[in-house]
Amino acid sequence: MIPPIASRFVAGETPAEALDHARALDDDDVNVILNLLGEHYDERAPAEADADAYVDLVADIGDSDLGACVSVKPSQIGLDVGEETFRELLERVVEAGDEHGVFVWVDMEDRHTTDATLDAFEDFARKYAGGVGLCVQANLKRTPEDLERLVDVPGKIRLVKGAYDEPKAVAYKQKAKVNEAYRDLLEFMFEAFEDGIAVGSHDPAMIEYAKELHDEHGTPYEVQMLMGVREDAQRDLAADGVEVWQYAPYGDKWLQYFYRRVRERKENVLFAARAVLGI
Ligand code: FAD
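Residues numbered from 1 in each chain as written. Predicted model: local features only at pLDDT ≥ 70, side-chain atom pairs only at ≥ 80, totals over all residues. Heavy atoms only, no water.

Visitor: Let's hear about the environment of Glu48: which residues, and what values?
Guide: Structurally, the position occupied by Glu48 is in helix α3 (residues 44–63). For Glu48, a relative accessible area of 24% translates into the label partly exposed. At a separation of 2.9 Å, a polar atom in the side chain of Glu48 contacts the side chain of Arg92. (Helix = DSSP H or I, 4+ residues; strand = E, 2+ residues; numbered from the N terminus. Buried < 20%, exposed > 50% of the residue type's maximum accessible area, 1.4 Å probe, protein only. Polar contact = N/O pair within 3.5 Å; in protein donor to acceptor, adjacent residues only side chain to side chain.)

Here it is in structure tokens:
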């Protein structure tokens, strides 16, 4: 069982618990992106097991009336085994999404995976008429070019600042530079994209800027935030009529994810310490 201290960030260990979480958020008009925790499998068996778990989850979501979809990590469904395996297993999930009317997001991992992830996304987004979305990272210097390439591809794009520590030859390292790149990319996306933009950020300044750009261009958009981070803002935005999606991880590999969330911000360390000490 997940201890209460970690359950702020993780929606449970089982798909049933994850769907219960989605149901609870439904009351606040917050939709859910479910992610089964797992990454970097270098053998086919665990990658295939997770892909099949997503197929089952997608069917369960399709049978429900929940505002829910899934997000998969390439290295979770075979990219570390090989590109062929990744494409085969991703298509299995995307095909299930297509059959059950459930959207499938593809997370973006480190720079070594970018080309393979973009190629697979482009092929499946075209083949499955936009039932797939892709995450792109503002810290990578290549992203403006990647977005030019994606303008005519159906499906949605989630813009994030980027979670991986990349070398300065390929990525902006300073926070201010990343924020500037994020704003520039938002401007480009609101002007050039028609199928909708996902603002994957907790940063109030970026969310406000997206709203301004939406008012100016009319391009549909949604805001995506992580479970356990600025949840009041998630509810407030939804109450204001913004489409909000909460990225909620679940599964038995919750401990590593929980540590990552705690390490990345001192507020979370204090939260964890208070929970342990009962203060
Ligand atoms: P920041 O500048 O980090 O934070 C802005 C403000 O948000 C902070 O001042 C604080 O008020 C609040 N905040 C941010 N993080 C926290 C926190 N952990 N706890 C409490 N408050 C916080 N990255 C990838 O590389 N690939 C992906 O596929 C990917 N998918 C993502 C999907 C979603 C839905 C989200 C929200 C993020 C995803 N990320 C992904 C992570 C992303 O790249 C950033 O590392 C992360 O979102 C932090 O950047 P930020 O835009 O929230 O802004």
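Visitor: Go over empty space enclosed by the protein, please, and point to the residues and values.
Guide: Inspection of every chain in the model, using the stated rule, returns one cavity of 30 Å³ or more. As for the largest cavity, its lining consists of Met108, Thr114, Leu118, Val136, Gln137, Leu140, Arg142, Thr143 and Asp146. Looking at the lining of the largest cavity, the elements with two or more residues in it are α5 (114–127), β4 (132–137) and α6 (143–150). Residue composition of the lining of the largest cavity, grouped by class: four nonpolar, three polar and two charged. (1 Å grid on protein atoms, 1.4 Å probe; cavity = no way out; pocket = protein on both sides within 12 Å on 5 of 7 lines; lining within 4 Å. Points joined across faces, edges and corners; volume = space filled by probe spheres on them. Nonpolar A, V, L, I, M, F, W, Y, C, P; charged D, E, K, R; others polar.)

Visitor: How would you summarise the environment of Glu222 if you had to cite specific residues and measurements?
Guide: Within the secondary structure, Glu222 sits in strand β7 (residues 221–226). Take Glu222: its relative accessible area is 2%, and that puts it in the buried class. Placed 143 residues apart in sequence, Glu222 and Leu79 show a C-alpha to C-alpha distance of 28 Å. For Glu222, the side chain forms a polar contact with the side chain of Gln224, separated by 2.8 Å.

Visitor: Give a description of the pairing of strand β1 (residues 30–36) that names residues and reports values.
Guide: For β1, the tally of buried residues reaches seven of seven residues, placing the bulk of the element in the interior. Here β1 shows two buried faces, one formed by Val30, Val32, Leu34 and Leu36 and the other by Asn31, Ile33 and Asn35. When β1 meets strand β2 (residues 68–72), the two strands line up parallel, connected through three bridges. Residue pairing for β2: Leu34 is matched across the bridge by Val70. Taken together, β1, α3 and β2 form a β-α-β motif whose crossover is right-handed. (Pairing = 2+ DSSP bridges. Right-handed = clockwise from strand over helix to strand, strands pointing away.)

Visitor: So what about the packing of helix α4 (residues 83–100) against α5? Which residues, and what values?
Guide: Remark: α4 packs on α5, axes separated minimally by 11 Å, with the N-to-C direction vectors making an angle of 35 degrees. For the pair α4 and α5, the sense of crossing is right-handed. Where α4 abuts α5, its residues Glu83, Phe86, Arg87, Leu90, Glu91 and Val94 lie against Ala116, Thr117, Asp119, Ala120, Asp123, Phe124 and Lys127. Split by residue class, the contact of α4 with α5 holds six nonpolar, one polar and six charged. (Axes fitted to C-alpha atoms, helices over the stretch in contact; angles between N-to-C directions. Left-handed = near helix turned anticlockwise from the far one by under 90°. Contact = heavy atoms within 4.5 Å.)

Visitor: Tell me about helix α8 (residues 204–217), and name the residues and values.
Guide: With 14 residues, α8 should reach 20 Å at 1.5 Å per residue; the first-to-last C-alpha distance of 20 Å fits that figure. Among the residues of α8, Met206, Ile207, Tyr209, Ala210 and Leu213 are the ones counted as buried. Each buried residue of α8 sits inside an arc of 160 degrees when the element is viewed along its axis, so together they form one side. Contacts from the buried residues of α8 go to α7 (175–192), β6 (197–200), β7 and α9 (231–239). The opening residue of α8, the one whose side-chain oxygen lies 3.0 Å from the backbone nitrogen of Ala205, is Asp203. Residue Gly218 follows α8 closely and has a positive phi angle near 80 degrees. (Expected span 1.5 Å × (residues − 1). Arc of directions from axis to C-beta.)

Visitor: I'd like a rundown of the nonpolar core, residues and numbers included.
Guide: Counting residues in each nonpolar core, the largest one holds 92 residues, and the members touching the most others are Leu34, Leu90, Leu134, Leu150, Ile157 and Leu186. Every residue in contact with Leu90, bar those within four places of it in the chain, is listed here: Val72, Ile77, Val106, Ala120 and Phe124. (Core = buried A, V, L, I, M, F, W, Y, C linked by side-chain atoms within 4.5 Å.)

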